Structure formats: C-alpha cells, structure tokens
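# Residue-level structure breakdown
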Amino acid sequence: MTQPSRLAARRTRTAWLFLLPSLLVLLVVAAYPLWRTFQLSFYQVSILQFPLQPEWVGLDNYRFLLADPYWWISLKNTAVFTVVSVALETVLGLGIALVVNANFTGRGLMRTAMLVPWAIPTVVSAQMWRWMYNDVYGVVNDLLMRAHLIAAPLAWLADPHLALPGIIAVDVWKTTPFMALLLLAGLQSIPRELYEASTVDGASPWQQFWQITLPLLKPALLVALIFRTLDALRVFDVIYVMTGTNPTTMSMSVYARQQLVDFGALGYGSAVSMGIFLIIALFAAAYLVSLRVELD
Amino acid sequence: MKSLRYLAVAFLAVAFGSATSAQGVTLRISCGAVGQELELCTEGTQAWAQKTGNKVEVVSTPNSTTDRLALYQQQLAAGSSDIDVYQIDVIWPGILSDFFVDLNDYVTPDLVAQFFPRIVAANTVDGRLVALPWFTDAGLLYYRTDLLKKYGYSKPPTTWDELEQMAAKIQSGERQAGNGSFWGFVFQGKAYEGLTCDALEWIFSYGGGTIVDQAGNITINNPMAAKAIDTAARWVGKIAPPGVTSYQEEEARGVWQAGNAAFMRNWPYAYSLGNSADSPIKGKFDVTVLPKGGADGQHAATLGGWQLAVSRFSKHPKEAVDLIVYLTGYAEQKRRAIKGSFLPTRPALYKDADVLAANPFMGKLYDVFVNAVPRPSAQTKQKYNQVSSAFWTAVHNVLVGQTDAATSLRMLEQQLKRIKGKGW
C-alpha cells in the first residue's frame with residue numbers, strides 16, 4: 001500500500017523540480033511586472049516628474065477609466081476589429097489552405113509566395129498601405145478611378161466610415177497567410193483513407209468537407225482562433241502607424257499607449273493595462289474551457 | 001642631459017595640451033526637420049563646432065510635434081544623456097521643466113534682456129529659465145497675389161466668410177481652366193497639436209476664447225466657439241480637399257507650393273521656401289494676418305515657436321549652454337531669418353535692414369507677432385498635452401462630419417472637467 005503512494009510522491013516531487021525553472025521564469029517576466037502594474041494602478045504618478053512623486057489615489061484611476069468615453073470607444077473599436085478581422089481571416093485562410101493542400105504543379109512556390117505579407121514587419125507594411133491609401137497620390141484611389149468604381153478620390157484614412165474598414169483590410173491581407181498555414185497543418189494530419197473510403201461510398205466533395213474535413217479540423221481551427229483572437233485584442237502597430245491616436249480607430253492598446261507615453265500618466269496607464277489584462281484573460285479562460293470540452 | 005629632459009617634458013605637455021583642446025567634447029542636439037530646419041540647424045551647429053573645436057551631432061526628430069514630445073519624454077524620463085540640447089516647443093517648458101538646467105546659473109541677465117520679454121516669460125517656470133528662445137512663430141494667411149488679381153480682388157480677405165467666397169470663386173475658375181486638382185484653401189486638419197493651433201485661431205477670431213482662460217476656468221463650451229468650428233467644418237470638401245483632415249504643415253505646403261491652392265494657413269517658414277528658385281509660385285504670393293471671425297471679430301494668430309534647452313543629464317552642460325547661446329545669438333538668428341524666414345526672438349532684428357529686405361512681411365506684421373495668442377499651456381501645466389489632445393480630437397470629430405460643434409464642445413467640456421479634476 002505504501003509503496004505506490006511513495007512512488008507517487010516522488011514522481012510529484014520530480015515533476016515540481018522539472019517545472020521549477022519555467023515557473024521561476026514566469027514569476028520574473030510575467031507575475032512580477034503584473035503585480036507592479038497592479039500596485040501602480042492605485043497611484044497618481046507622472047513620468048514628467050523628476051524625481052517621481054507617486055501619490056496614493058485608491059480607486060480613482062479605475063473610476064476615471066469606467067467614465068472615460070474614449071475608453072469605451074477604444075473597446076468598441078477593438079471588438080469590431082477582432083470579430084471582423086478574425087472571421088475574414090478564418091474563412092479566407094481556410095479557403096487558401098484547402099487550395100494549397102490540393103495537388104497541383106507549383107504548389108511549393110505557391111505556399112512560399114502566400115507567406116510574403118506575413119513576413120513583412122507590420123510597421124513597414126502599415127506604412128506602405130498608408131501611402132497606398134493616400135487621398136492625393138495613393139495607388140488605391142488611382143486604380144479604383146481607372147476602373148470607374150469611384151468618381152472622386154476617397155480620403156481612406158481620414159474618413160471615419162472608411163478608416164477602420166481600411167485598417168481591417170490591411171490586417172486581413174497580412175494575417176490570412178498565418179491562418180492558412182495553421183489550418184494547412186491541420187488538414188495534412190487528416191488521414192487520406194477517410195476521403196478514399198467516402199468516395200467509394202459515393203459522397204460528394206461538399207459532403208466530404210462538412211462530414212470529414214471540418215470535424216477533424218476542429219482542434220486546429222480552435223487553436224488558430226485562440227491565437228488570432230488574443231492577438232487581435234492586443235492590436236497596436238497597424239492602427240498606430242496608419243491613423244495614430246485618432247479615436248475613430250483607436251484600439252485599447254493605442255489608448256493605453258497614449259496615456260502612458262503621450263501623457264506620461266504611469267498610474268492611470270497602469271489601470272488601463274489592468275483593464276486590458278482582465279479582458280484578455282477572460283477570453284483566454286473562455287477559450288481554454290471550450291478547448292478542453294472539445295478535445296475531451 | 002637635464003635640459004634635454006626638460007625639453008622632452010615641455011614637448012609632451014604641448015603635444016598633449018593641444019591634443020585635448022583640438023579634440024573637445026561631442027554634443028548631440030535634437031533639431032526639427034520641417035522644411036529647411038534640419039539643413040539650417042546643421043549649418044549653425046557646425047559653424048559653432050569649427051569655432052570652438054568641439055563636435056556636434058544632429059539628431060533629427062519626427063515632424064509631428066506630438067510624436068516629438070513623446071520621444072523626448074521617454075528619453076528624459078529614462079535619464080538618458082544621449083541628447084544634450086533639446087529643441088522644444090513653446091508649450092513644453094511647463095511640461096518638461098524638471099529635466100532641464102536652470103540657464104540663470106550660466107548666462108547673464110544682460111543676455112536674457114536681449115530677447116522678447118514675453119517669450120522669456122514663457123520659458124521661465126517657477127523662476128527657473130529652462131530654455132532660450134530660438135525662433136518664434138505665428139499663424140499666417142498665405143495668398144496668391146496673381147490669382148486674386150485675375151479674379152478681380154484688390155486685397156486679401158478680412159473675414160473668414162470673405163475667404164470662403166473668394167476661395168470658392170477662384171477654385172471653380174481654376175478648375176474650369178483645366179486644373180482639376182485645384183483647391184481654395186489648405187490648412188492643418190490632422191488630429192494633432194497643429195490642429196489645436198489652427199482651431200484656436202478660428203475660435204479666438206470669433207471671440208470664443210482660448211479653451212481655458214487665464215484663471216484656469218474651462219471656457220470652450222460657448223456658442224461663438226461652436227460657430228467658428230462649424231464654419232471650418234463647412235470648408236472641408238468644399239473649398240478644402242477632403243484629405244485636409246489628415247494634413248500637417250508639410251502636406252498643406254505641398255499642395256500650396258505646387259500651385260494648387262489659392263490660400264494657405266501656415267507658419268512663416270513656408271515664406272522663403274515658396275520664394276525659392278525652383279518654386280512654381282515664386283513671387284506670386286504674399287502673407288497677411290489671418291481673417292477675422294465676422295465683421296466684429298478680431299484677427300488672431302496662434303503663438304508658436306521653438307526654444308533650446310539643455311538636458312540636466314548632459315555630461316557637458318557648459319559647452320551645451322555655449323552652443324545654445326551661439327545659436328540664439330544675433331548673427332545666427334539673422335542668418336536663419338534671411339535664409340529660412342524664421343522669425344527672430346530678438347526685437348533688434350526686426351529693425352535690421354538685411355532681414356527686412358529678405359522678408360518684408362516681418363516689418364509689416366510685427367504687431368501680429370508680438371500679439372500672438374498663446375495656447376493655454378501656462379494654465380494647464382503638465383496636463384496641457386491631455387487638454388490639447390482632447391481639444392483637437394473634439395474639433396477633428398466635427399471636421400470629419402461625425403458630429404456638430406455644439407455637441408462636440410459639450411462633450412469636450414465634460415472631458416476637460418474630468419482631466420482637470422481637483423485642479424490643473
């Protein structure tokens with residue numbers, strides 16, 4: 001009786017020993033900064049003071065946050081950006097993955113070429129798109145005018161109705177390849193025999209997709225969705241480069257940066273960061289639960 | 001033998017002595033890069049370097065004042081000694097004063113007295129002189145003399161409504177004549193500090209105040225201010241290009257200097273560039289004071305301008321102060337006024353015949369420059385950046401047609417009250 005339980009205890013101890021280094025790293029790079037941010041969020045402290053003079057303000061920063069219309073606008077923008085961009089990237093990514101999973105000549109070249117947008121640093125591609133969207137000399141207006149789709153040049157990034165859709169389009173252009181790559185890996189793990197057997201049974205490609213491909217792709221699809229959603233919720237660079245701190249497109253991270261860097265408000269900025277952390281943690285938890293359910 | 005040793009010591013002393021003085025120190029200065037700024041700054045600092053045997057490296061910074069301030073804040077808050085001399089905006093002494101040396105410890109009162117007292121006051125925080133004024137700025141109306149004549153106008157507009165009518169007439173005429181990309185008026189409409197300057201001019205000219213008054217009260221939510229902003233919003237897409245809501249100074253100058261605008265609101269730096277040899281509008285334009293808001297309004301020009309400050313983290317504060325004294329000196333400011341039409345910060349230069357010959361407007365508009373309207377940075381202190389950001393956002397929302405001015409200003413008032421909290 002005692003033998004197996006002692007063995008179990010030893011195994012547990014060994015497990016902890018192996019986990020210790022990564023736990024330590026997590027403590028230093030994640031838990032400690034998070035704890036400091038949490039502490040700072042109860043102070044009013046400006047980066048512009050030398051030396052710094054933190055002043056305890058209790059929950060004032062959180063009250064200001066909940067009452068600030070621009071925080072809610074940035075939350076809404078982030079939600080719209082996340083839902084629309086992830087949905088489009090998933091659908092397009094799945095389509096591309098299905099195509100490059102098929103056998104055709106030049107497949108290797110195709111798979112490499114499709115990664116180009118993903119390989120360009122976001123700051124560079126966002127700046128490139130900003131020029132392409134320019135109302136006076138931008139190539140987007142030029143092409144649309146030549147094709148007689150628009151009568152007059154559009155101010156893509158200045159018009160509040162066009163700016164966020166324009167930015168989402170750039171993100172979709174950039175990130176669809178990543179989605180396609182993740183889904184392609186999932187597709188390749190589906191055994192070919194299933195398709196052969198179903199073909200023999202007379203299933204149409206359409207039925208094969210819904211009955212075989214999609215159910216078996218589900219785990220890969222979920223992982224890809226988690227990656228993209230968490231990434232999209234933190235979106236910063238593409239928006240900051242293209243429209244700066246303009247509220248019509250401002251995301252949560254752009255808002256946090258404006259408080260921390262432009263206004264030097266370390267205390268309030270920390271409260272904003274805690275808000276973002278809570279929202280993302282909520283999503284991560286929800287996904288983890290659903291993932292466990294799905295994978296079990 | 002002994003004398004030989006003395007000789008050797010003397011020789012070494014001379015060799016080392018001259019080596020250290022020839023080497024000097026290396027200073028880094030951050031300069032703006034709008035228009036000819038960078039070129040003039042490099043020339044000026046190199047002249048000082050040659051004179052003193054020191055070295056100066058010029059660090060160029062973002063064109064947007066807003067981005068530049070963010071960069072400076074990060075450098076300074078990190079206690080970095082990378083940059084010795086900072087070129088700072090007239091609205092920043094209150095924000096950044098903790099990070100600069102008190103120049104009173106280095107320069108004499110006689111020297112300080114040679115500058116405009118009002119600008120010196122703007123650079124003095126709690127009795128500390130944190131920067132020396134390098135050039136001042138005021139918003140001006142640029143207009144095409146040839147086009148005004150062609151369409152039968154004898155003088156530039158005196159009210160904004162007049163400007164709108166003239167711009168519309170010239171624009172439609174020029175477009176019929178074949179220039180499809182011609183616009184009546186360009187200005188700075190992007191959501192950044194420049195829009196705060198432009199919008200303050202509109203509002204002040206209509207008698208709508210200065211956002212926050214001298215005593216620190218929030219005054220922006222008033223009908224005259226709303227009227228001024230609604231008027232400006234009407235221009236967008238009609239006499240100003242739709243993209244004007246994403247223009248900074250250089251974008252506006254780009255349209256103007258290509259000959260594609262009848263009017264432009266900009267700072268004086270665009271004057272000498274517009275008259276440069278390869279400019280299509282050379283000799284075809286003039287500048288004047290910005291229009292009034294209606295017949296009983298007043299002319300208004302926002303006070304701009306840049307100063308030079310020495311970082312408290314500089315390893316060579318003495319040499320750095322010497323550099324800024326040189327750059328803000330009579331001779332260097334004269335050179336910059338003639339070559340780059342930068343407004344001097346020394347009253348004496350406005351009587352200098354060479355300066356006036358190169359820039360006739362400097363004598364003519366002297367009163368505009370000394371009476372320019374300051375932004376409310378003195379009242380709002382370290383919160384100025386937040387106030388300005390809330391203000392330009394509210395104005396931008398109206399310019400792009402998301403809301404009307406009355407609603408936007410009502411929201412802005414609430415926002416400013418929350419930023420103010422218990423006090424500025």
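Conventions adopted
- Residues numbered from 1 in each chain as written.
- Chains lettered and ligands numbered in written order.
- Predicted model: local features only at pLDDT ≥ 70, side-chain atom pairs only at ≥ 80, totals over all residues.
- Helix = DSSP H or I, 4+ residues; strand = E, 2+ residues; numbered from the N terminus.
- Rg over C-alpha atoms; globule rule 2.2 N^0.38 Å.
- Contact = placed C-beta atoms within 7 Å.
- Nonpolar A, V, L, I, M, F, W, Y, C, P; charged D, E, K, R; others polar.
- Core = buried A, V, L, I, M, F, W, Y, C linked by C-beta atoms within 7 Å.
- Buried ≥ 20, exposed ≤ 12 C-beta atoms within 10 Å, placed from the backbone.
- Domains from an automatic or database assignment.
- Pairing = 2+ DSSP bridges.
- Axes fitted to C-alpha atoms, helices over the stretch in contact; angles between N-to-C directions.

### Structural notes on the overall build of chain A
Helix and strand counts for chain A stand at 13 helices and 2 strands. Here the C-alpha radius of gyration of chain A, 24 Å, is well above what a compact globule of 296 residues would show, namely 19 Å. Counting only C-alpha atoms and orienting by the principal axes, one finds that chain A spans roughly 85 × 75 × 30 Å. For chain A, restricting intrachain contacts to residue pairs at least 6 apart in sequence, the fraction spanning at least 24 positions comes to 69%.

### Regarding the interface of chain B and chain A
Taken together, the 22 residues of chain B in the interface contact 21 residues of chain A. Listed by contribution, the elements that provide at least two residues to the side of chain B that touches chain A are helix 3 (65–77), helix 4 (93–96) and helix 19 (384–399) of chain B. Counting residues per element, the side of chain B that touches chain A draws most heavily on helix 3 of chain B, at 5 residues. Of the residues contributing to the side of chain B that touches chain A, the split by class is 8 nonpolar, 12 polar and 2 charged.

### A closer look at the nonpolar core
One finds Val85(B), Tyr142(B), Phe185(B), Val186(B), Ile229(B) and Phe263(B) to be the most contacted residues of the largest nonpolar core, which totals 166 residues. Top contributing element to this core by residue count: helix 19 of chain B, with 9 residues. Of the domains in this structure, domain 1 (2–137 + 304–370) and domain 2 (140–302 + 376–420) of chain B are the two that each give at least three residues to this core. Beyond its immediate stretch of four places on either side in the chain, Tyr142(B) contacts Trp256(B), Phe263(B), Met264(B), Asn266(B), Ala270(B), Phe285(B) and Val287(B). Leu94(A), Ala180(A), Leu184(A) and Ala224(A) belong to the second-largest nonpolar core, a separate cluster that totals 9 residues.

### Here we look at the domain arrangement of chain B
Residues and elements named next belong to chain B. Taken as a whole, chain B is organised into domain 1 (2–137 + 304–370) and domain 2 (140–302 + 376–420). Using C-alpha coordinates to define each centre, domain 1 is positioned 31 Å away from domain 2. Listed as interface residues are 22 residues of domain 1 and, on the opposing side, 23 residues of domain 2. Taken together, the elements giving at least two residues each to the side of domain 1 that touches domain 2 come down to helix 3, helix 4 and helix 14 (330–340).

### Quick look at the sheet that holds strand 1 (residues 26–31) of chain B
Residues and elements named next belong to chain B. Judged by pairing direction, the sheet is mixed, and its 5 strands sit side by side in the order 2-1-3-11-6 without closing on themselves. Only two strands of the sheet have a single neighbouring strand rather than two, namely strand 2 (55–60) and strand 6 (132–138). Shown here is a sheet whose adjacent strand axes are inclined to one another by a mean of 20°, direction ignored.

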